[in-house]
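# Observations on chain architecture
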Amino acid sequence: MYRVEFSRAAQATIAKIPRDVVQRAEEMLRAMADTADEIDRVAVPLVPADELKLMLHTGGLRFQYLLNLSTKTITVTSITGLRDAVG
């Protein structure tokens, strides 16, 4: 199972988000990581790098995160409202 970690910036934002939204995001992040891991194992490697910079939109929020396939960690680097997110 993948471990979900939060950067300091993301931790500050989590305190303002309902816990059920955070739990749902963690479940979704782990499910996507498990899928990426399975694809990487079965097919040609998913990407040439061990770490991917990705994002998840859920609950009106954008979770930007790093997925590290070799260490099985997901590090949420920032959380923004979709209205506030740029890019």
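Report on the accompanying structure. Please read all numbers here as calculations on a predicted model, not as lab measurements.

## Here we look at the environment of A12
Looking at where A12 falls in the secondary structure, it is placed in helix α1 (residues 8-14). A relative accessible area of 47% means that A12 is categorised as partly exposed. Once the C-alpha coordinates of A12 and S78 are considered, the two residues, 66 residues apart in sequence, prove to be 9.5 Å apart.

## Considerations on unusual backbone geometry
At K72, a position not held by glycine, the phi torsion is positive, near 55°. In this structure, K72 sits in the loop between β3 (61-68) and β4 (73-81).

## What to know about the pairing of strand β2 (residues 51-58)
Each regular strand shows side chains that alternate between the opposite faces of the sheet. Of the strand pairs in this sheet, β2 and β3 are connected by eight bridges, and their pairing is antiparallel. Note on β3: the bridge partner recorded for E51 is N68. Linking β2 to β3, which pair antiparallel, is a turn of two residues; within it G59 sits at a positive phi near 60°.

## Concerning the sheet that holds strand β1 (residues 3-6)
Read across the open sheet, the four strands follow the order β1-β4-β3-β2; overall the sheet is mixed. Every interior strand has two partners, whereas the edge strands, β1 and β2, have only one. Direction aside, the axes of adjacent strands within the sheet are offset by 30° on average. Across eight bridges, the pairing between β3 and β4 is antiparallel. Opposite L61, over in β4, you have G81 as the bridge partner.

Calculation notes
- Residues numbered from 1 in each chain as written.
- Predicted model: local features only at pLDDT ≥ 70, side-chain atom pairs only at ≥ 80, totals over all residues.
- Heavy atoms only, no water.
- Helix = DSSP H or I, 4+ residues; strand = E, 2+ residues; numbered from the N terminus.
- Buried < 20%, exposed > 50% of the residue type's maximum accessible area, 1.4 Å probe, protein only.
- Pairing = 2+ DSSP bridges.
- Axes fitted to C-alpha atoms, helices over the stretch in contact; angles between N-to-C directions.

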